[in-house]
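A closer look at the structure
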Amino acid sequence: MHVHITEAATKRIQEKVDTDIGLLRIHYETEGCGCVMSGVPVLQWVEKAKTGDVQMNSDATFPIHMEKEKLVFFAEEMKIDISTKGTLFRLSSPQQILNGQMNFEVE
C-alpha cells in the first residue's frame, strides 16, 4: 500500500502541528457509525504508533501509519490532499474519493 501526500497537505499538517515528533495516522473511525463496514477515515497526528498499526509506503516527510486490521477498507494507492473547499483534507484513490472532508485530530 502506498500513500502519496501533496505538498499542500503536507504544509497544512505542518501548520497544525508545532512539532516534528510524531507521525500521521489514518484512523478508520467506526464509533457511532452503526457497524464496522460504515466507518469514516480520519487523520490523526500521534506521538507514536498504536498497537496493531503498520507503516505505509509513502513519499511524506513523516511516517504514515494505519490500523492493520482496517487495511481491507482502503485502496492500494491513495492520496492525501486538501479538500476542494480548502479547509479539510481529502483522501482519494484512483478509483474514488474515500473521504472528501476528512477531519484532522492532534492527540
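Look above for the structure.
What comes next is a walk through the structure. (Residues numbered from 1 in each chain as written. Predicted model: local features only at pLDDT ≥ 70, side-chain atom pairs only at ≥ 80, totals over all residues. Heavy atoms only, no water.)

**With respect to the pattern of salt bridges**
- Inspection of the entire model under this criterion finds seven salt bridges.
- One network of salt bridges, with partners in common, ties together Arg25, Asp53, Glu67, Glu69 and Lys70. (Salt bridge = Lys/Arg side-chain N within 4 Å of Asp/Glu carboxyl O.)

**As for the side chain of His65**
- Mapped onto the elements of the fold, His65 is located in strand β6 (residues 64-67).
- Filtering out sequence-adjacent residues up to four positions away, His65 remains in contact with Leu23, Leu24, Arg25, Ile26, Ala49, Asp53, Val54 and Gln55. (Helix = DSSP H or I, 4+ residues; strand = E, 2+ residues; numbered from the N terminus. Contact = heavy atoms within 4.5 Å.)

**A look at the sheet that holds strand β10 (residues 104-106)**
- Reading across from one edge, β4-β6-β2-β3-β10 is the order of the five strands in this open sheet, with mixed pairing throughout. The open sheet has two edge strands, β4 (53-55) and β10, and neither has a second partner. Taken over all neighbouring pairs, the strand axes of this sheet differ in orientation by 30 degrees on average, direction set aside.
- Bridge count for strand β3 (residues 40-46) against β10 is three bridges, and the pairing is parallel. (Pairing = 2+ DSSP bridges. Axes fitted to C-alpha atoms, helices over the stretch in contact; angles between N-to-C directions.)

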